[in-house]
Amino acid sequence: METGISNSKRLYRVAQRLMPGGVNSPVRSYTAVGGTPRFISKAKGAYVYDEDGHKYIDYMASWGPLILGHAQTDVVKAVKKATERGTSYGAPCEYEIELSNLIVKSVPSVEMVRMTNSGTEATMSAIRLARAYTGRDMIVKFEGCYHGHADYLLVKAGSGATTFGTPSSPGVPKGFTQSTLLARFNDICSVERLFRRYKNKIACVIIEPIAANMGVIPPEKDFLKSLRQITKRNGSLLVFDEVITGFRLGIGGAQKKYGVLPDITCLGKIIGGGLPVGAYGGKRNIMGLIAPVGPVYQAGTLSGNPLAMAAGIATIKKLREKGVYKKLDSKAGLLVDGIKEILKKQNIKATINSRGSMFTIFFTDLEVIDYSSALKSDTKIYSRFFNKLLDAGIMFPPSQFEAVFVSLAHTEKDIAKTLNVFSNAVKSI
Ligand SMILES: *Cc1c(COP(=O)(O)O)cnc(C)c1O
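Rules and cut-offs
Residues numbered from 1 in each chain as written. Predicted model: local features only at pLDDT ≥ 70, side-chain atom pairs only at ≥ 80, totals over all residues. Heavy atoms only, no water. Near = heavy atom within 4 Å. Polar contact = N/O pair within 3.5 Å; in protein donor to acceptor, adjacent residues only side chain to side chain. Areas by Shrake-Rupley, 256 points an atom, 1.4 Å probe, with all protein chains shown as cover. Helix = DSSP H or I, 4+ residues; strand = E, 2+ residues; numbered from the N terminus. Buried < 20%, exposed > 50% of the residue type's maximum accessible area, 1.4 Å probe, protein only. Pairing = 2+ DSSP bridges. Axes fitted to C-alpha atoms, helices over the stretch in contact; angles between N-to-C directions. Contact = heavy atoms within 4.5 Å. Expected span 1.5 Å × (residues − 1). Arc of directions from axis to C-beta. Left-handed = near helix turned anticlockwise from the far one by under 90°. Nonpolar A, V, L, I, M, F, W, Y, C, P; charged D, E, K, R; others polar. Domains from an automatic or database assignment. Buried area = accessible area lost by both parts, 1.4 Å probe. Salt bridge = Lys/Arg side-chain N within 4 Å of Asp/Glu carboxyl O. Disulfide = S-S within 2.5 Å.

Engineer: Just to check I follow, could you spell out the site of the ligand for this structure?
Structural biologist: Close to the ligand lie S118, G119, T120, Y146, H147, G148, E208, N213, D241, V243, I244 and K269, which account for all nearby residues. In the model, an oxygen atom of the ligand is placed 2.6 Å from a nitrogen or oxygen of the K269 side chain. If the ligand stood free it would expose 380 Å²; the protein chains cover 83% of that surface.

Engineer: Help me understand the side chain of H70, please; the structure alone is not making it clear to me.
Structural biologist: Mapping H70 onto the fold places it in the loop between β3 (55-58) and α2 (73-84). For H70, a relative accessible area of 13% corresponds to the buried category. Polar side-chain contacts of H70 include one of 2.7 Å to the side chain of D58.

Engineer: In this structure, what is going on with the sheet that holds strand β10 (residues 278-282)? I would like to understand it.
Structural biologist: The pairing of strands in a sheet comes from backbone hydrogen bonds and takes either a parallel or an antiparallel form. In space, the seven strands of this open sheet follow the order β4-β10-β9-β8-β7-β5-β6, with mixed pairing throughout. Because the sheet does not close on itself, it has two edges, and the strands there are β4 (112-116) and β6 (180-183). Here the average twist between neighbouring strands, direction ignored, is 20°.

Engineer: Before we go on, may I ask you to explain the environment of K221 in this structure?
Structural biologist: As for its placement among the helices and strands, K221 is situated in the loop between β7 (202-207) and α7 (223-233). Taking the C-alpha atoms as reference, K221 lies 35 Å from K417; in sequence the two are 196 residues apart. In terms of polar contacts, K221 uses its side chain to reach the side chain of D222, at 3.4 Å.

Engineer: Please explain the environment of I270 as it appears in this structure.
Structural biologist: Within the secondary structure, I270 sits in the loop between β9 (264-268) and β10. Classification of I270 as buried rests on a relative accessible area of 1%. For the pair I270 and V368, spaced 98 residues apart in sequence, the C-alpha separation works out to 26 Å. The residues contacting I270, other than those within four sequence positions of it, are G64, P65, I67, G246, F247, R248, T315 and L319.

Engineer: How should helix α1 (residues 7-18) be read in this particular structure?
Structural biologist: Side chains that are three or four residues apart share a direction in an α-helix, a result of its 3.6 residues per turn. With twelve residues, α1 extends 17 Å between its outermost C-alpha atoms, agreeing within 8% with the 16 Å of an ideal straight helix rising 1.5 Å per residue. Those residues of α1 that fall on the buried side of the exposure criterion are S8, Y12 and A15. Projected down its long axis, α1 carries its buried residues within an arc of 65°, all on one side. Check the buried side of α1 and you find it contacts β2 (47-50).

Engineer: Which parts of the structure should I look at to understand the packing of helix α3 (residues 94-106) against helix α10 (residues 306-319)?
Structural biologist: Two elements in contact, α3 and α10, have axes separated by 9 Å at closest approach and are oriented at 35°. In this structure, the crossing between α3 and α10 has a hand that is left-handed. Contact residues: Y95, E96, E98, L99, L102, I103 and S106 in α3; P306, M309, A310, G312, I313, I316 and K317 in α10. When grouped by side-chain class, the residues that make up the contact of α3 with α10 number nine nonpolar, two polar and three charged.

Engineer: How should I be thinking about the pairing of strand β5 (residues 138-142) in this particular structure?
Structural biologist: Look at any regular strand and the pattern is simple: side chains alternate between the two faces of the sheet. Along β5, five of the five residues are buried, which leaves the element largely enclosed by surrounding structure. Neither face of β5 is exposed, since M138, V140 and F142 on one face and I139 and K141 on the opposite face are all buried. The sheet contact formed by β5 and β7 spans three bridges and is parallel. Residue pairing in the sheet places V140 in a bridge with V205 of β7. Inspection of the sheet shows β5 paired to β6 by four bridges, in the parallel sense. Along β6, the bridge assignment pairs I139 with T180.

Engineer: How should the domain arrangement of the chain be read in this particular structure?
Structural biologist: Frequently, the measure chosen for interface size is the accessible area removed from exposure when the parts meet. For the chain, the assigned domains are domain 1 (6-71 + 323-427) and domain 2 (73-319). Domain 1 and domain 2 are separated by 25 Å when their C-alpha centres are compared. Listed per partner, the contact involves 31 residues of domain 1 and 35 residues of domain 2. Of the roughly 2600 Å² buried between domain 1 and domain 2 on both sides combined, carbon and sulfur atoms contribute 66%. Its largest share of buried area at the contact with domain 2, domain 1 owes to Y325, R355 and Y371, together 26% of the area lost on that side. Across the domain 1-domain 2 interface, the total number found is one salt bridge.

Engineer: Is there a simple way to explain the state of the cysteines in this structure?
Structural biologist: Note: disulfide means a covalent bond formed between the sulfur atoms of two cysteine side chains. Taken as a whole and judged by the stated rule, the model has zero disulfides. C145 takes part in no disulfide bond, and the closest cysteine sulfur to it belongs to C266, at a distance of 12 Å. When its relative accessible area of 6% is taken as the criterion, C145 is described as buried.

See below:
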């Protein structure tokens, strides 16, 4: 056996022989930032531990779900209890009612909900539903917004706003993306142009109300309101993909925060408390089209799985306690303010976009308001910076175009330590 090689490196080599890139989701492989992905052996609270015994303060939160931190006591208890009663029934159970009820109570536009196993399934099904409801085929998505990996949603961002989408992955037939139109985030004119050109043909507009998959990019004033008006005027549905923003920005998600109600909402991540879940919901008359009540087929062997439901219920119950989001956001504020101060002192060109407990540092002095301005960020600096933080025990997402997540498990001490490491890291980037 080779000596002096880390366990993560050794495991990564084995994994690469068994799984493409050694991973089950591409961004985990550190392709964007270089280096060896850390193999995680356990996680608790704000920390993850790798197979070499290193401890990291974690700001990935499994890409968003773990808003309470890892292995949170209530969640673990709930899942244990559920497990003892059987891991899956393929028949209805009361857990499904409880989680659906919590979602309906929390998210203003949702009257009925259907559970899935992932966010990808939720957006896919929401679009099928919107197409069925309107009897139209075309959809509008925004450059740089990610809605999972369904064929027709994998459209090359950066194509002109008025051209037909071209697939951004081989294996997606051209015909599959021909009904996907691209608009520019925060550019209402790009949306209006599409509606003029494809009058009465657009089934829905799907958007992350705060974009968080090209880094965090909030909507400009009235952007979402205008989208609401345009879609209504044209008989199209507005679909909010709140897979990240749902229960992250507050109990009611982005729709509550901005006072704009979509027709269909997609959820995921946090509502599964770290287990695989997605959901889509909306008004009764729209949801009534879904089988078995209506003709729109959508199903799942493990949908509404009792373990996932139990984890989601425990998570949302905790989040509904008084003052939780205030506490969370003030912790994130502490971190963001600290980072801003350090960057300014070191004279580093950077723009920080933040909302609630999520943020992104872009290494550019330009404002970042859409995909093309996000691409102006110097990703080489991000990579160096990421690796310096990682070596010093701070785990940021291994790509520039992701959100950094603060959880309720982070203590002020964790944040102070993070700022200290950050301050040293930026001195030499
Ligand atoms: C993560 C994500 C998805 C996809 O969810 P999966 O559970 O990974 O399939 C969809 N939309 C948004 C906004 C996401 O962040």
